[in-house]
Amino acid sequence: MSTDDFKKNKRVTSYGDENFSNFLRGAFLSAAGYDRQDLSRPIVGIADLRSDFNPCHRGVPEIIEHVKRGVLESGGLPMVFPTMSLGETLLSPTSMLFRNLLAMETEELIRAQPMDSVVLIGGCDKTVPAQMMAAAVSEIPVILEVTGPMITNSWKGERLGACTDCRRMWSKYRAGELTKSEIESVEGSLATTSGTCMVMGTASTMASMAEALGLMLPGGATPPSPTGNRLRHATATGRRAVELAKNPILAKDILTTKAFHNAIKVLAAIGGSTNAIVHLLAIAGRAKADVNLKTFDDIASKIPLLLNLKPSGQKYMEDFDQAGGVPVLMKELESVLDLDHVGVAGTPLREILSKVEPAGSWQDVITTLDEPLGASGALAVLYGSLAPKGAVIKTSAASKELMQHTGPAIVFESAAEASLKLDDPNFDVTADHVLVLRNSGPIAAGMPEAGSLPIPKKLALQGVKDMVRVSDARMSGTSYGTVVLHCSPESAAGGPLALVRDGDLIQLDVANRTINLLVSEEELSKREKELKPIQKAERGWFRLYQEHVTQAHLGADMDFL
Ligand code: FES
């Protein structure tokens, strides 16, 4: 490719005179130190999501250096550009509010800047979904690399990891089993290296989904952030990005309906985060794949849990990596996967898996379809009068004895109100109650991870560990409990959750996939007339988001995307 080709083939800034635009581009690239030889190479964009406000991405600079090395080794020209970085624990009110904004930004920067292929380096919960949403509509090849998980630490001899153990230790503190100074000491022991949460939370789940969908080179989801394995994978990704620039495979051709079916099978087998459902629906929506909320139940109900990772099991991502990671897990699922699928690696899944050893008996992280770790249906989709368009529950992290439960509702209008009341020692609540949180869906609040309401302090002190909770919110992939999420339509869109009153009976029946509000139609239509619309934001992104976000069962993407 010549410099002239570079000028001809890549979108130019519009000044009304294309030749002048090219001349100006050359002049300014000279200022950055690029000469004609540089510009004759395939250009690989590298999205840089480092931020001091995103500790999970602390390892990004080193990963970028290795991607660049791979690109240079293969004769390409790496060009790094920033996009916004979404740090799960440092964004208010919730990082989910900004997922679509990052997806739009990434999509537009790939489209607007002159590159032949692009490496997207994500990690923390919303970054990888946003990048896959952008990839789905990209006209150039996209390949993902992730920061990789953190490595575990220990406290007083007990192995700890973010953030299932964050929640477990906090629950112990609330129950009076840990002192204030002990919980402060735990705070410094939960997340001690670069990388993403090292349980099967949302970040690990979405990295696994990127690999299962074929948007990442095999073996990329699990190597921990601080290891050489991670850096070697980054270098290989850089090399592959150059090959993709020369012989493009586009994400829109990778993201077929069958690819999503493969990914959903992996999702069920790993006991992945419920958040993956809303993210995969958004990606599938953009890729125009035939996937809806019911697809998840149809597939998950046939695939058992094969992975012994928290919160559904006991181990951590570094154990999964040492046991062979996603390729070995997919090897165990080989008989139920579409093996003709081709991802960014450029070879059919059949060929990739033919080189993978099955999970050996030497390890206790990945089990087999013949001897699974848990029953099928780790994720279930519920319908009923409380969620006409659907709701989800992670059964692998729920209590068996609560899967069929009828109890009186206690309703909270917001997470802030819940937090206040749940800490009150005089709060009138029993373990039979069903805690209902509304105004936490996409339109009302950007869909925060508020659905896993804490057990009321009074009951926690009595040893109660779980209760049925229902909301239009999400919950962290690191959470556990009998928690019904993503009720759709949300209360702010006039969903039935808005009509629940204290004392109404709510019936959960996971076996029959139902969640019902046991109140007469007549009474509900009376209450409906008294509903008042929510107050929307006056201006800015949140206002635009509220005007255009779709409901959870459609992926909470913007309706114009
Ligand atoms: Fe970033 Fe968990 S907070 S991955």
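Residues numbered from 1 in each chain as written. Predicted model: local features only at pLDDT ≥ 70, side-chain atom pairs only at ≥ 80, totals over all residues. Heavy atoms only, no water.

Listed in UniProt under the heading Sequence similarities (unreviewed entry), the comment for the protein reads: "Belongs to the IlvD/Edd family." (UniProt positions renumbered as here; feature names shortened; annotations may be inferred.)

## A word on the overall build of the protein
Assigned secondary structure in the protein consists of 22 helices and 16 strands. Over its C-alpha trace the protein gives a radius of gyration of 24 Å, about what one expects of a compact globule, namely 24 Å for 561 residues. Taken along the three principal axes of its C-alpha coordinates, the protein extends 75 × 60 × 50 Å. Relative to its 561 residues, the protein shows a buried fraction of 58%. Relative to all contacts within the protein whose residues are 6 or more apart in sequence, the contacts with residues 24 or more apart total 75%. Counting 57 positive and 66 negative side-chain charges, the protein places the centres of these two groups 2 Å from one another. (Helix = DSSP H or I, 4+ residues; strand = E, 2+ residues; numbered from the N terminus. Rg over C-alpha atoms; globule rule 2.2 N^0.38 Å. Buried < 20%, exposed > 50% of the residue type's maximum accessible area, 1.4 Å probe, protein only. Contact = heavy atoms within 4.5 Å. Lys, Arg positive; Asp, Glu negative; His and termini not counted. Charge placed at Lys NZ, Arg CZ, Asp CG, Glu CD.)

## With respect to unusual backbone geometry
That bond from Ala-162 to Cys-163 is cis: its omega, -5 degrees, falls within 30 degrees of zero. Mapping Cys-163 onto the fold places it in the loop between strand S6 (158-160) and helix H7 (164-174). For the bond from Ser-488 to Pro-489, the omega torsion is 0 degrees, close enough to zero to count as cis. Residue Arg-513 is not a glycine yet carries a positive backbone phi of 55 degrees.

## Structural notes on the state of the cysteines
Using the criterion set out here, one finds 1 disulfide in the structure. The disulfide that involves Cys-163 links it to Cys-166, with 2.0 Å between the sulfurs. Because the torsion about its S-S bond is -85 degrees, the bridge between Cys-163 and Cys-166 counts as left-handed. A relative accessible area of 22% means that Cys-163 is categorised as partly exposed. (Disulfide = S-S within 2.5 Å.)

## Regarding the UniProt feature "domain: Dihydroxy-acid/6-phosphogluconate dehydratase C-terminal" (unreviewed entry) in the protein
As recorded in UniProt, the feature "domain: Dihydroxy-acid/6-phosphogluconate dehydratase C-terminal" (unreviewed entry) lies at residues 364-556. Span residues 364-556 is 18% helix and 25% strand, its end C-alpha atoms 37 Å apart.

## As for the pairing of strand S4 (residues 142-146)
A regular strand places its side chains so that they alternate between the two faces of the sheet. Along S4, 5 of the 5 residues are buried, which leaves the element largely enclosed by surrounding structure. The alternating pattern of S4 places Val-142, Leu-144 and Val-146 on one face and Ile-143 and Glu-145 on the opposite face, and all of these are buried. As paired strands, strand S3 (residues 117-122) and S4 are joined by 5 bridges and run parallel to one another. Of the residues in S4, the one forming a bridge with Gly-122 is Val-146. This β-α-β element, S3 to helix H6 (residues 127-135) to S4, shows right-handed connectivity. (Pairing = 2+ DSSP bridges. Right-handed = clockwise from strand over helix to strand, strands pointing away.)

## Details of the UniProt feature "domain: Dihydroxy-acid/6-phosphogluconate dehydratase N-terminal" (unreviewed entry) in the protein
Per the UniProt record, "domain: Dihydroxy-acid/6-phosphogluconate dehydratase N-terminal" (unreviewed entry) is found at residues 41-351. For residues 41-351, helix accounts for 47% and strand for 10%, while the C-alpha atoms at its two ends are 31 Å apart.

## Focus: the nonpolar core
Ranked by internal contacts, the top residues of the largest apolar core, which has 129 residues, are Met-132, Phe-260, Leu-280 and Phe-320. Contact partners of Met-132, with chain neighbours within four places excluded, come to Leu-144, Met-206, Met-209, Ala-210, Leu-213, Leu-215 and Ile-283. Ranked by size, the runner-up nonpolar core spans 27 residues in total, among them Ala-391, Leu-402, Val-484 and Cys-487. (Core = buried A, V, L, I, M, F, W, Y, C linked by side-chain atoms within 4.5 Å.)

## Structural notes on the packing of helix H9 (residues 202-213) against helix H12 (residues 257-270)
With their axes 9 Å apart at the nearest point, H9 and H12 run at an angle of 145 degrees to one another. Where H9 crosses over H12, the two elements pack in a sense that is right-handed. Residues Thr-205, Ser-208, Met-209, Ala-212 and Leu-213 of H9 lie in contact with H12, whose contacting residues are Ala-259, Phe-260, Ala-263, Val-266, Leu-267 and Ile-270. Its residues placed into classes, the contact of H9 with H12 shows 9 nonpolar, 2 polar and no charged. (Axes fitted to C-alpha atoms, helices over the stretch in contact; angles between N-to-C directions. Left-handed = near helix turned anticlockwise from the far one by under 90°. Nonpolar A, V, L, I, M, F, W, Y, C, P; charged D, E, K, R; others polar.)

## Points about the sheet that holds strand S1 (residues 43-48)
Overall, parallel pairing links the 4 strands, which are arranged S2-S1-S3-S4 in an open sheet. The sheet is open, and its two borders are formed by strand S2 (77-82) and S4, each paired with just one other strand. With strand direction ignored, the average angle separating the axes of adjacent strands in the sheet is 25 degrees. Relative to S3, S1 runs parallel, the two sharing 4 bridges.

## Looking at helix H2 (residues 18-31)
Spanning 14 residues, H2 covers 20 Å between terminal C-alpha atoms, matching the ideal 20 Å at 1.5 Å per step. Residues Ser-21, Asn-22, Leu-24, Arg-25 and Leu-29 constitute the buried set of H2. Seen end-on, H2 carries its buried residues on one side only, within an arc spanning 165 degrees. Exposed residues on H2 whose side chains face more than 90 degrees from its buried face are Asn-19, Phe-23 and Ala-31. N-capping of H2 is provided by Asp-17, with a side-chain oxygen placed 3.1 Å from the backbone N of Asn-19. Two residues or fewer past H2, Gly-33 is found with a positive phi of approximately 95 degrees. (Expected span 1.5 Å × (residues − 1). Arc of directions from axis to C-beta. Polar contact = N/O pair within 3.5 Å; in protein donor to acceptor, adjacent residues only side chain to side chain.)

## Points about a nonpolar patch on the surface
Together, Tyr-15, Phe-20 and Phe-23 give the surface a local cluster of nonpolar side chains, amounting to about 340 Å² of exposed area. By the secondary structure assignment, Phe-20 is in helix H2. The exposure class assigned to Phe-20 is partly exposed, which follows from its relative accessible area of 36%. (Patch = residues over 30% accessible without salt bridge, like charges linked within 9 Å, V, L, I, M, F, W, Y side chains within 5 Å. Areas by Shrake-Rupley, 256 points an atom, 1.4 Å probe, with all protein chains shown as cover. Salt bridge = Lys/Arg side-chain N within 4 Å of Asp/Glu carboxyl O.)

## Examining helix H5 (residues 96-112)
End to end, H5 covers 25 Å across 17 residues, agreeing with the expected 24 Å (1.5 Å per residue, within 8%). Along H5, the residues that are buried comprise Met-96, Leu-97, Phe-98, Arg-99, Asn-100, Leu-102, Ala-103, Thr-106, Glu-107 and Ile-110. As for H5, its buried residues are in contact with S3, H6, S4, helix H13 (275-287) and helix H22 (540-548).

## Structural notes on the pairing of strand S12 (residues 434-437)
Side chains Val-434 and Val-436 project from S12 onto one buried face, and the interleaved Leu-435 and Leu-437 project onto a second face that is buried too. Sheet analysis places strand S11 (residues 404-412) next to S12, joined by 4 bridges and oriented parallel. Following the sheet pairing, Ile-410 is matched in S12 by Leu-435.

## A few points about the side chain of His-486
Note on placement: His-486 falls in strand S14 (residues 483-488). When near neighbours in sequence (up to four residues on either side) are disregarded, His-486 contacts Thr-274, Asn-275, Val-278, Gly-390, Ala-391, Val-392, Met-447, Ser-471, Asp-472, Ala-473, Arg-474 and Ala-552.

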